[in-house]
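# Chain and residue survey
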Amino acid sequence: MGYFLAYMVFLAFPPLLINSFVFMKRDTKRWRQYIVLYALLIGLFAYSYVPVSGDLSRYIGRLYRYFPYSLKEAFSVYYWLDVGEVFWDWLIARTDAPGLLSAVPQFIIYFIASYITCDYLERRNVPELIYKAFILQFFLVPQISTINNIYCVTAFSLVVLAIYRDLVQNKRNIATYALYILPCFIHNSAVILIILRVLAMLIKKARYISVAIAFLIPVLLTVLYNNIGFFRNNQLLYRVIVSGYRYYSEEGTAAYSVSRLYFLSFIHNMLFSFLSAFLILKFQNRKEDNNLDRKTELKDNTFLSFLLLVSVVAISCVIFNAPHYWRFNFVVKLCVAGLLLLINDNPKIKKTCFYLLLIDGLLVKFTETVDLLRIANLSQTLVNFLLSSPFGIVFKLIINMF
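Along each chain, the written sequence defines residue order, and numbers are assigned to residues from 1. Reporting in this predicted model follows two pLDDT cut-offs: at least 70 for local features of residues, and 80 or more for side-chain atom pairs to be given and counted; totals over whole chains, interfaces and linings ignore these cut-offs and use all residues. Only hydrogens and water are set aside; all other atoms, that is, all heavy atoms of the structure, feed into the side-chain values.

## Topic: the overall build of the protein chain
Counting its secondary structure elements, the protein chain contains 22 helices and zero strands. Sorting the 402 residues of the protein chain into buried and exposed places 52% on the buried side. Only heavy atoms matter for contacts: two residues are in contact if any of them lie within 4.5 Å across the pair. Taking as baseline every contact in the protein chain between residues at least 6 positions apart, the subset at least 24 positions apart corresponds to 77%. Calculation of accessible area relied on Shrake-Rupley with a 1.4 Å probe; when residues are assessed, cover is drawn exclusively from the protein chains displayed. In the form shown here, the protein chain has an accessible surface area of approximately 18900 Å², with 66% of it arising from carbon and sulfur atoms. Each helix corresponds to a stretch of at least 4 residues labelled H or I by DSSP, and each strand to a stretch of at least 2 residues labelled E; elements are numbered beginning at the N terminus. Burial classes: relative accessible area under 20% of the type maximum marks a residue as buried, over 50% as exposed, and values in between as partly exposed (1.4 Å probe, protein chains only).

Given below as structure tokens:
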């Protein structure tokens, strides 16, 4: 009863939800309850966020265009967008609560991130690392970037959950298969992660070939796109190649050459990618040398091989102008518990690598804070956050329905 009353008070005044960090430290066993509060905290901040520029500002600005259309008409008018994007935009336009456009995806993203973190460490019998991983992940995940890039990061999060259920939890059921398929309708780039998951199965027999393929994915897409005529009879493959190429080759100047802020973002992203790849390769080489492959470690190796390939793809993104490296790093950061466990198992590099990850997290939060001041109305966002209780949001939705 005491917990229920506390939750009601926290929900009435959203900033109090930050106590989820305190609860997680004091009572790790109840992490399933606390990650809901934590994800809700982030979701309510996203709901309160007032953009003045950036992708979210553009997404919200076009919501009014959906009002005249039925859902079927919206799909017809916005045929070039992903199905999930059109559906979500149309639905939010009907609610007249534009804050939900990013709030719900943020809740999903942070719930998945914290769920994977806590569940993974609990399965590996190191619950004492949960709070450390929880805090580290908070610093590493770029919140303002995820608020502004709704569809790609949501699709990536759902695919990662599917891969986690598949490889770590061994849950190969309808829900897992649905989590593989659904993200492809939200953002077509989700296909890249599925390809990497397939490559992860081959990496033990052909590690360096698989790594080379992952690194060359942008180049391979360019070659295939330049010869796209050969694939016109296979519409599925045709669309995958075209979508993948366009995703990588967005026009514009390389992000790291635009400003010092973006250059700093590029540096800490590359640091994270190389550090992640180094830790996984070091772990896998050691396990193979010592011949310690058990069932759990076999699952770990495949899961970590997937993360290795994602890190390699992040590094390969420097070939193109679009700064997609942060989105692939985001995937690894959702599973940062795996990296933390690798660090904890190796006393020789434990402190150095942990502090490098922490420094990277601090750089993430610094660049994100500067970006927040640049592209959002911070004062109005904070005022909204103080007043945006879930009770008020639900009441508003009910009023709008009638």
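Once you've had a look at it, read on.
## Regarding the side chain of Gln106
Looking at the secondary structure, you find Gln106 in helix H7 (residues 100-123). Accessibility expressed as a relative area gives 0% for Gln106, which makes it buried. Excluding its chain neighbours within four sequence positions, the residues that come into contact with Gln106 are Ile42, Gly43, Ala46, Gln143, Thr146 and Ile147.

## Some points on the packing of helix H2 (residues 19-26) against helix H3 (residues 31-48)
Packing of H2 against H3 brings their axes to within 9 Å, and their N-to-C directions diverge by 160°. By the angle between their directions, the pair H2 and H3 is classed as roughly antiparallel. Here the hand of the crossing between H2 and H3 comes out left-handed. Contacts between H2 and H3 involve Ser20, Phe21, Phe23 and Met24 from the first element and Trp31, Tyr34, Ile35, Leu37, Tyr38 and Leu41 from the second. Throughout, the ten residues Ala, Val, Leu, Ile, Met, Phe, Trp, Tyr, Cys and Pro are labelled nonpolar, Asp, Glu, Lys and Arg are labelled charged, and all others, Gly among them, are labelled polar. Per-class residue counts for the contact of H2 with H3 are nine nonpolar, one polar and no charged. Axis definition: a line fit to C-alpha positions, over the contact stretch in the case of helices; interaxial angles, taken between N-to-C directions, run 0 to 180 degrees. Note on angle classes: values under 35 degrees are labelled roughly parallel, values over 145 roughly antiparallel, values of 65 to 115 roughly perpendicular, and the remainder oblique. A clockwise turn of the near helix away from the far one marks a right-handed crossing, whereas an anticlockwise turn of less than a right angle marks a left-handed crossing.

## Considering the pattern of salt bridges
The salt bridge criterion pairs a side-chain nitrogen of Lys or Arg with a carboxyl oxygen of Asp or Glu, the two atoms within 4 Å. The final tally for this structure, using the stated rule, is nine salt bridges. Two residues, Asp27 and Arg30, come together in a salt bridge whose shortest N-O distance is 2.9 Å. Of the residues examined, Arg30 reaches a relative accessible area of 34% and is grouped as partly exposed. The salt bridge partner of Asp55 is Arg58, with a shortest N-O separation of 3.0 Å. Here Arg58 and Asp55 lie together in helix H4 (residues 55-61), a separation of three residues that amounts to about one turn. Given a relative accessible area of 24%, Asp55 falls into the partly exposed group. When salt bridges with common partners are traced through the structure, they connect Arg62, Glu85 and Asp89 into a single cluster.

## Section: the confidence of the model for the protein chain
Across the protein chain, the average pLDDT comes to 82, with 82% of residues at 70 or higher. The model gives residues 289-293 a pLDDT under 50, and that stretch makes four contacts with residues more than four places away or in other chains. As a per-residue measure, pLDDT reflects the predictor's confidence and takes values from 0 up to 100.

## Side note on the packing of aromatic side chains
For Phe, Tyr and Trp, rings pair up if their centres lie within 6.5 Å, where Trp contributes its six-membered ring, and each pair is then called stacked (planes under 30 degrees apart), edge-to-face (over 60) or tilted (otherwise). Counted under the stated rule, the structure contains 19 aromatic pairs. With 4.5 Å between their ring centres and 25° between their planes, Tyr66 and Tyr78 make a pair best called stacked. Residue Tyr66 is located in the loop between H4 and helix H5 (71-77), and its partner Tyr78 is located in the loop between H5 and helix H6 (83-95); the two are separated by 12 residues in the primary sequence. Here the two residues Tyr66 and Tyr78 agree in accessibility, since each one is buried. Between the aromatic rings of Phe111 and Tyr115, the centroid separation amounts to 6.3 Å while the plane-to-plane angle is 10°, which identifies the pairing as stacked. Of the two residues, Phe111 and Tyr115 are both situated in helix H7; the distance of four residues between them amounts to about one turn of the helix. On the basis of relative accessible area, Phe111 is assigned to the partly exposed category, the value being 29%. Joined through ring pairs, the aromatic side chains of Phe21, Tyr38, Tyr110, Phe134, Phe138 and Phe139 make up one cluster. Charges are assigned to positions over rings by a cutoff of 6 Å between ring centre and Lys NZ or Arg CZ, combined with an angular limit of 35 degrees from the ring normal. The ring of Tyr120 has Arg124 lying over it, and the distance from NZ or CZ to the ring centre is 4.8 Å. For Lys365, the ring lying beneath its charged end belongs to Phe138, and the centroid distance is 5.0 Å.

## Remarks on H6
The terminal C-alpha atoms of H6, which comprises 13 residues, lie 19 Å apart, in line with the 18 Å expected from a rise of 1.5 Å per residue. Among the residues trailing H6, Asp96 stands out with phi positive, at a value near 60°. By this rule, a helix spans an expected 1.5 Å times one less than how many residues it contains.

## Quick look at the environment of Leu358
Within the secondary structure, Leu358 sits in helix H20 (residues 350-375). Once the C-alpha coordinates of Leu358 and Leu136 are considered, the two residues, 222 residues apart in sequence, prove to be 6.7 Å apart.

## Some words on the environment of Lys29
Relative to the assigned elements, Lys29 resides in the loop between H2 and H3. Residues Lys29 and Cys118, 89 residues apart in the sequence, show an inter-C-alpha distance of 9.6 Å.

## Some thoughts on a nonpolar patch on the surface
Each patch groups residues whose relative accessible area exceeds 30% and which form no salt bridge, using 9 Å between like charges and 5 Å between nonpolar side chains of Val, Leu, Ile, Met, Phe, Trp and Tyr. A contiguous nonpolar surface patch, about 500 Å² in accessible area, is contributed by Phe75, Val83, Phe87, Leu91, Ile181 and Phe185. Within the residue set of the nonpolar patch, elements represented by two or more residues are H6 and helix H11 (174-186). Its place among the elements puts Val83 in helix H6. Looking at Val83, the relative accessible area reads 41%, which means it is partly exposed.

## Quick look at unusual backbone geometry
Phi is positive for Asp96, close to 60°, though the residue is something other than glycine. Of note in the backbone geometry, Asn170 takes a positive phi value of approximately 60° without being a glycine. Mapped onto the fold, Asn170 is located in the loop between helix H10 (150-167) and H11. Accessibility expressed as a relative area gives 47% for Asn170, which makes it partly exposed.

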